[in-house]
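Chain and residue survey
Listed here are the chains, written in short residue letters.
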2 protein chains.
Amino acid sequence: MSTEKIPYKIYIEESEMPKQWYNVRADMKKKPAPLLNPVTKQPITAEELSEVFCDELVKQELDETNAYIDIPEEIREFYRMYRPAPLVRAYCLEKALGTPAKIYYKFEGNNTSGSHKLNSAIAQAYYAKQQGLKGVTTETGAGQWGTALSMACSYFDLDCQVYMVKVSYEQKPFRREVMRTYGANVTPSPSMLTEVGRKINAEFPGTNGSLGCAISEAVEAASNQEGYRYVLGSVLSQVLLHQTVIGLETKIAMDKYDIKPDIIIGCAGGGSNLGGLISPFMGEKLRGEADYKFIAVEPASCPSLTRGVYAYDYCDTGKVCPLQKMYTLGSGFMPSSSHAGGLRYHGMSSVLSELYDQSLMEAVSVEQTSVFDAAVKFARVEGILPAPESSHAIKVAIDEALKCKETGEEKTILFGLTGTGYFDMYAYEKFNNGVMGDYVPTDEEIKIATDKLPKF
Amino acid sequence: MSTEKIPYKIYIEESEMPKQWYNVRADMKKKPAPLLNPVTKQPITAEELSEVFCDELVKQELDETNAYIDIPEEIREFYRMYRPAPLVRAYCLEKALGTPAKIYYKFEGNNTSGSHKLNSAIAQAYYAKQQGLKGVTTETGAGQWGTALSMACSYFDLDCQVYMVKVSYEQKPFRREVMRTYGANVTPSPSMLTEVGRKINAEFPGTNGSLGCAISEAVEAASNQEGYRYVLGSVLSQVLLHQTVIGLETKIAMDKYDIKPDIIIGCAGGGSNLGGLISPFMGEKLRGEADYKFIAVEPASCPSLTRGVYAYDYCDTGKVCPLQKMYTLGSGFMPSSSHAGGLRYHGMSSVLSELYDQSLMEAVSVEQTSVFDAAVKFARVEGILPAPESSHAIKVAIDEALKCKETGEEKTILFGLTGTGYFDMYAYEKFNNGVMGDYVPTDEEIKIATDKLPKF
């Protein structure tokens, strides 16, 4: 098919959709460091992890040897409702930039959760249902993960309890109502339903809440209820595994038209979408079959890869989850409240951290006004109003395309467009009104946070 | 291909996308009544219409003979950014209902305007650009049309001035910001920028505004500026023509799998999406090639087809647009403010009105709590959070599927899913909280409004 004109949107057939996720750890010679028990500081066992996660997800979390893991038919059925996601040739953006580069993006926003989060939410809900659980608990900040999990739980008739950071609960009533429409129980955090919530409310009356506190409440709620587990939307290797459906579909679509990307770009918060997009390509690189340049893009206000340290750290502020070796700014690091998008996580997936440490992947950080500038440019020519998170990747894709314009190189650039910005219009309003600023933490601020990393 | 399993989503190839719109009037033996000049009450001439609309759109508005009208390549290029829209087999809904019926829907919500409105907005912007105009003016209520027009104008670098009903401007800041992000100038109406706006502000200080007033301001703004025209998002025959891209794509997709719908359902406000969906099928019926049952679904609170009269009426409250013969509740009719969705227009497309009058199409009205009930049911099994407008069609599609469950008939049901409800969460919140009511106008209320129809 390589002689055909490449369409604006490449959809693979349903029959071509991946039947297995790809586990990149199987092809890594040096594996990511093991998770540690937060109390004993020893590598965590499957049994210990099963107190937190579903049994099947524990297996996936610890599996470093099986390259391919079957996607159960029930999950594939759900995937078929909103997937395959289109691989889009950005003809209009190329024209607007006047670049000889060929730009492609994999668009994950065509579902009600508005992002790629649904890919893992449905898997986690499925395994919870399979294990006979009654429900799951989680936290949500901006609300994308909570929305995705609500949709997944509704589909499998599982109870879904979402602890939503109070300031988001009040400022994002629409996100909250989407979750409620899908039957989720959404509680502003800190609440009076948990011990930790009551304690924080007593200590800080009128507090706006924080993600760290919401996590602690969700974990407590899961452990206090028979038949519940706590679930997470990023960072973990199991989540990255589920998200490989993004990269696998992309590769199938590209192979159909003999397209080979030179550069692959993704935004990076906890790392699950980036990891999901690049995994199959990284596998080829690890096996010596092909070479690609991978770029992780993070916000200058929360630069874990570019300015963090590679060390064991807590995944959560409550320090109840396993310790993970990763690039981190310290679990106490909080990006400025003037930072608009997500990507606020202090650390990075252990898989991506290890790949970055082995120089198999690059990373850059970008400031938010330049990100919104790229977002608006993109929206006006490509039609899609992108999420602030996704726009980090757009910014760097445009930068790379403009480099090609200077050099005349016809590089093929692929980036992940993880979602839409329909629920982020407060941030766009700030930008449209010219009152959005940039924020970069000082070396001193980062040192203070990383000095508090756990010592062994 | 008829022996293959029908996929969840049928996408036609870009090369199969329609190259012409279909003009159903060409196949109607009895044509819709002509538009009348609002002053002389005589059939309006092309020259008179050209003061309001672009020349090419005037031609389309008056064309009753050409069955196919070429879609210019520039518009087709834009269509390729967000079309083809998927034709979805609602396997999960069928399973949840336990019906032997086969349910399909054409989903028009996968673009940033969130609805089908973009199909006509891009055409109208294109012809304005071709004519060398500087910009266009329009009004918007809920904001879908304004958003679509903003996107289209941004693409063709046309100035876009949107008069947004003040209460929406304040209550829907997100819609407003999407338009501003696409470069539109959004003014709360009534404003101090027009004579009519200043007059209304003086007469009713602190008024919330109305669609009728916003139309009047937009029309005045267009006539006061050199190189501007006023544009409309529904009701007109030209808009219905552009929207036939919906039905044409649907028919191509269905033909690929030898699917023949028995019943075709669409929600009806001004009628453009319904007309666009059914036109190619109606053409077959008019030519005696096939038979289909068509159902227009309107809100019980604004029942123009089911309870209105078929008569000449004003299209706008300001009475400046041409008179149109249509099913109408009277241009002074206002649905209760407790009515949540769109579909608030007092009249109906003259093409659809004539088809309904000839008994070629049926109509039903449904109450809003039953509509939201259907919307939530649909969202939970099909994943998509539908717009309240679109949910009128869902409600009746479910009703028809349940009839099949009783009779055991394996009917094929097709409905139009015009958009997503992401910006309608206030209404969902009301429904989720159990505080949404129903409203049906009394016969007396309708009589008062229709008694005021223009007399000849």
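Report follows, based on the coordinates. What you see is a predicted model; the values in this text were computed from it and never measured. (Residues numbered from 1 in each chain as written. Chains lettered and ligands numbered in written order. Predicted model: local features only at pLDDT ≥ 70, side-chain atom pairs only at ≥ 80, totals over all residues. Heavy atoms only, no water.)

Remarks on the interface of chain B and chain A
- Listed per partner, the contact involves 43 residues of chain B and 43 residues of chain A.
- Between chain B and chain A, a total of about 4,300 Å² is buried, with carbon and sulfur atoms accounting for 54% of that surface.
- Across the chain B-chain A interface, the total number found is four salt bridges.
- The shortest N-O distance in the salt bridge between B:Arg176 and A:Glu429 comes to 2.9 Å.
- For the pair chain B and chain A, the interface holds 29 residue pairs in polar contact (both at pLDDT 80 or more).
- Looking at the side of chain B that touches chain A, the elements that each hand over two or more residues are α3 (73-82), α4 (91-97), α6 (144-156), α8 (173-181), α15 (368-382) and α17 (425-432) of chain B.
- Element by element, the count of residues in the side of chain B that touches chain A is highest for α8(B), at six residues.
- The residue inventory of the side of chain B that touches chain A, partitioned by class, reads 22 nonpolar, nine polar and twelve charged. (Contact = heavy atoms within 4.5 Å. Buried area = accessible area lost by both parts, 1.4 Å probe. Salt bridge = Lys/Arg side-chain N within 4 Å of Asp/Glu carboxyl O. Polar contact = N/O pair within 3.5 Å; in protein donor to acceptor, adjacent residues only side chain to side chain. Helix = DSSP H or I, 4+ residues; strand = E, 2+ residues; numbered from the N terminus. Nonpolar A, V, L, I, M, F, W, Y, C, P; charged D, E, K, R; others polar.)

Description of the relation of the copies chain B and chain A
- Of the transformation superimposing chain B on chain A, the axial component is 0.0 Å and the angular component is 180°, with the fit at an RMSD of 0.0 Å. Accordingly, the operation relating the two chain copies is best matched by a two-fold axis. Of the C-alpha atoms belonging to chain B, the one lying closest to the rotation axis is found on B:Asn110, 3.1 Å away.
- Looking at the interface residues of chain B, 100% of them are also at the interface in chain A, so both copies use one shared face. (Least-squares fit on C-alpha atoms with pLDDT ≥ 70 in both.)

What to know about the state of the cysteines
All names here are of chain B.
- Applying the stated criterion across every chain, the model contains zero disulfides over all chains.
- Just so you know, Cys-315 is unpaired, no disulfide at all, and the nearest cysteine sulfur is the one on Cys-321, 6.2 Å from it.
- Classification of Cys-315 by relative accessible area gives buried; the value is 9%. (Disulfide = S-S within 2.5 Å. Buried < 20%, exposed > 50% of the residue type's maximum accessible area, 1.4 Å probe, protein only.)

A short note on unusual backbone geometry
- In this structure, A:Pro84 follows A:Arg83 across a cis peptide bond, with omega equal to -5°.
- At B:Lys41, a position not held by glycine, the phi torsion is positive, near 65°.
- Along the polypeptide, B:Lys41 turns up in the loop between β2 (20-22) and α1 (46-50).

Observations concerning the sheet that holds strand β8 (residues 185-189) of chain B
Residues and elements named next belong to chain B.
- Pairing is parallel in the open sheet, where four strands are placed in the order β8-β7-β6-β9. Both edges of this open sheet fall to β8 and β9 (228-230), since each of them pairs with a single strand only. Ignoring strand direction, the axes of neighbouring strands in this sheet form an average angle of 25°. (Pairing = 2+ DSSP bridges. Axes fitted to C-alpha atoms, helices over the stretch in contact; angles between N-to-C directions.)

Quick look at helix α16 (residues 388-407) of chain A
Residues and elements named next belong to chain A.
- The end-to-end C-alpha separation of α16 is 29 Å, in line with the 28 Å expected for 20 residues at 1.5 Å each.
- Most of α16 sits inside the fold, with 14 of its 20 residues counted as buried.
- Remark: Gly-408 follows α16 within two positions and exhibits a positive phi of approximately 80°. (Expected span 1.5 Å × (residues − 1).)

Some thoughts on the packing of helix α2 (residues 55-62) of chain A against helix α11 (residues 237-256) of chain A
All names here are of chain A.
- Contact pair α2 / α11: the axes reach a minimum separation of 8 Å and the direction vectors enclose 90°. Judged on the interaxial angle alone, α11 and α2 are roughly perpendicular. Taken together, the residues of α11 that come into contact with α2 (itself represented by Leu-57, Gln-60 and Glu-61) are Ser-237, Gln-238, Leu-241 and His-242.
- Residues of the contact of α2 with α11, tallied by class, amount to two nonpolar, four polar and one charged. (Parallel < 35°, antiparallel > 145°, perpendicular 65-115°, else oblique.)

Comments concerning the pattern of salt bridges
All names here are of chain A.
- Considering all chains together, one arrives at 50 salt bridges over all chains under this definition.
- As a salt-bridge pair, Asp-27 and Arg-287 come within 3.0 Å of each other at their nearest N and O atoms. Taken together, the positions of Asp-27 in the loop between β2 (20-22) and α1 (46-50) and Arg-287 in the loop between α12 (272-286) and β11 (293-299) put the pair 260 residues apart, joining distant regions of the chain.
- One salt bridge in this structure joins Glu-56 and Lys-59, with 3.5 Å as the shortest N-O distance. With Glu-56 and Lys-59 both in helix α2, this residue pair falls three residues apart, about one helical turn.
- Classification of Glu-56 by relative accessible area gives partly exposed; the value is 33%.
- On the accessibility criterion, Lys-59 (55% relative accessible area) is exposed.

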